[in-house]
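What the coordinates show
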Amino acid sequence: MEGFRYMDGVSTLRLEEVACVGCGMCPTVCPHGIFTVDRGKATILDRDACMECGACAKNCPSDALSVTPGVGCASYVIQGWLGGRKELFRNISKHANV
Amino acid sequence: MGRHRYRIEPRLYAVGSPGPDSPVLVTANYKMTFDALRKELGGQNAWILVLETGGINVWCAAGKGTFGTEEVARRVKTTRLAEVVNHRRLILPQLGAPGVAAHRVREECGFSVVYGPVRAQDIPRFLTERMKTTPEMRRVVFPVSERLALAPVELAGFLRPTGWAFLALFLLAGIGPWVFSPSASWHRGLGASGVWLAGILCGAVITPVLLPWIPGRAFSAKGGLVGGCFAACIAAFFWEALGVFQGMALLVALPVISSFAAMNFTGATPFTSPSGVEKEMRRAIPLQAAAVVLAVTLWVGSTFAG
Ligand code: SF4
Ligand code: SF4
């Protein structure tokens, strides 16, 4: 998103190129235009713009993509420090319906 | 709390007079999302399949997993969609993708998933142009109108902390060489409460609105910067009345409150990653804590210096 950049070098997004079948799903679902598919293989254009929403990994039919999904929210991270991380993923009450 | 008011019944709805070839659009049972979609579909014939997401919008419900593969498959079956339409295609909002695995939906209920645009207003174009999208239709945006609309939500989130902060500030305000003074508590407490409110305003409203134009990446840094500018203006006006210690306390306290409030705003934006927020917080929280200690020391210490 132009004008909006967040922290660099932290995204957990990984692409295993050999597994990619070039289906084109990741560029479709990514809300930040991170991917392009060229000659049957996906490429990450801008990893630092990834918000770790998990849409790409969830929709990749060949498990070529992985990311630790979650919500980029301070109270979520605090809860992650205090308790288990998994549970947290469920907790996004703060952004309800905005 | 009052959620049901925003909820609609999860089932199949008709817009116009749809037939067996009409498109099926899937959405959450959050009333505002549903109404927006229905409005955009005005004049067309379509089906809307509403999922049970507990009255939560698509994006949040997808993150929680309630707008998910299983729920899509379940609704397709309970509404007997396969008997209502001839085709086997569902149009899902792109922002539902974190919860739905398109390939698994097909395995589970025989319908294939097409992800539509991010925004409901692009849907008419998407439908007339045979489900083609432009890159713009696939990107989230975060315009100033949206950032401004979040201000009341952010401020409401600070109501309870503000109550506690006022209590602590009025208590601290009374402490001095005289041990505890009710009149000092009142006067100094009022001033400190004003600083708190200014800090919240800077971090929860001004920083979000000016977000892309404030230098830096970390929200805590941006908030600190805005709070610092604001504090410098106030200090310049009231330096005589405040004195060195209280003036310094103001210059430290206001930015740190703003910094914390701004850091909290990370949760409301569509571009901050959890790994990024964690990185930011690991750096910011120790600094913020140290600044709070410094500000309180200066402030309480000012009564001894006077
Ligand atoms: S996790 Fe989300 S933002 Fe990151 S690349 Fe995947 S779809 Fe894009
Ligand atoms: S979704 Fe997976 S298989 Fe499809 S293009 Fe992307 S990485 Fe390749």
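Note that the structure is predicted; figures quoted are calculated from it, not measured.

Counting residues in hydrophobic clusters, the biggest one holds 52 residues, and the most contacted among them are Leu 13 and Phe 35 of chain A together with Phe 67, Leu 81, Leu 90, Leu 92 and Tyr 115 of chain B. Per element, the largest residue contribution to this core is 4 residues, and it comes from helix 2 (residues 58-64) of chain B. Grouped together as the second largest cluster of nonpolar side chains are 28 residues, Ala 173, Ala 198, Val 256 and Leu 298 of chain B included.

Between chain A and chain B, the residue contacts involve 45 residues of the former and 55 residues of the latter. Counting across the chain A and chain B interface gives 1 salt bridge. The partner of Arg 217 of chain B in a salt bridge is Asp 8 of chain A, and the shortest N-O contact between them spans 3.1 Å. At the boundary of chain A and chain B, one finds 19 residue pairs in polar contact (both at pLDDT 80 or more). Counting residues per element, the ones that place at least two in the side of chain A that touches chain B are helix 1 (25-29), helix 2 (55-59) and helix 3 (74-82) of chain A. In terms of residues, the side of chain A that touches chain B owes the most to one element, helix 3 of chain A, which gives 5 residues. When the residues that make up the side of chain A that touches chain B are grouped by side-chain class, the tally is 27 nonpolar, 11 polar and 7 charged.

Take the pairing of strand 2 (residues 35-38) of chain A next. Residue and element names in this part refer to chain A. Of the pairings in the sheet, the one linking strand 2 to strand 3 (residues 41-44) comprises 4 bridges and is antiparallel in character. The residue of strand 3 that forms the bridge with Asp 38 is Lys 41. With antiparallel pairing between neighbouring strands as the criterion, strand 2 and strand 3 make up a hairpin whose turn holds 2 residues, including Arg 39 at a positive phi of roughly 45°.

Turning our attention to the packing of helix 11 (residues 219-264) of chain B against helix 12 (residues 274-305) of chain B. Residue and element names in this part refer to chain B. The N-to-C vectors of helix 11 and helix 12 enclose an angle of 15°; their axes lie 11 Å apart at closest approach. Here helix 11 lies roughly parallel to helix 12, going by the angle between them. Considering only the axes of helix 11 and helix 12, their crossing is left-handed. When grouped by side-chain class, the residues that make up the contact of helix 11 with helix 12 number 19 nonpolar, 5 polar and 1 charged.

Residues and elements named next belong to chain B. In this structure the tally under the stated criterion is 15 salt bridges over all chains. For Arg 38, the salt bridge is made with Asp 35, and the minimal N-O distance between the two is 3.4 Å. A residue pair is termed a helical-turn pair when its members lie 3 or 4 positions apart in one helix, as Arg 38 and Asp 35 do in helix 1 (residues 31-40) at 3 residues. One salt bridge in this structure joins Arg 104 and Glu 108, with 2.7 Å as the shortest N-O distance. Taken together, the residues Arg 104 and Glu 108, both in helix 5 (residues 102-109) and 4 residues apart, mark about one turn of the helix. The class of Glu 108 is partly exposed, set by a relative accessible area of 30%. Each of Lys 31, Asp 35 and Arg 38 takes part in a single network of salt bridges with overlapping partners.

Cut-offs used in this document
- Residues numbered from 1 in each chain as written.
- Chains lettered and ligands numbered in written order.
- Predicted model: local features only at pLDDT ≥ 70, side-chain atom pairs only at ≥ 80, totals over all residues.
- Heavy atoms only, no water.
- Core = buried A, V, L, I, M, F, W, Y, C linked by side-chain atoms within 4.5 Å.
- Buried < 20%, exposed > 50% of the residue type's maximum accessible area, 1.4 Å probe, protein only.
- Helix = DSSP H or I, 4+ residues; strand = E, 2+ residues; numbered from the N terminus.
- Contact = heavy atoms within 4.5 Å.
- Salt bridge = Lys/Arg side-chain N within 4 Å of Asp/Glu carboxyl O.
- Polar contact = N/O pair within 3.5 Å; in protein donor to acceptor, adjacent residues only side chain to side chain.
- Nonpolar A, V, L, I, M, F, W, Y, C, P; charged D, E, K, R; others polar.
- Pairing = 2+ DSSP bridges.
- Axes fitted to C-alpha atoms, helices over the stretch in contact; angles between N-to-C directions.
- Parallel < 35°, antiparallel > 145°, perpendicular 65-115°, else oblique.
- Left-handed = near helix turned anticlockwise from the far one by under 90°.

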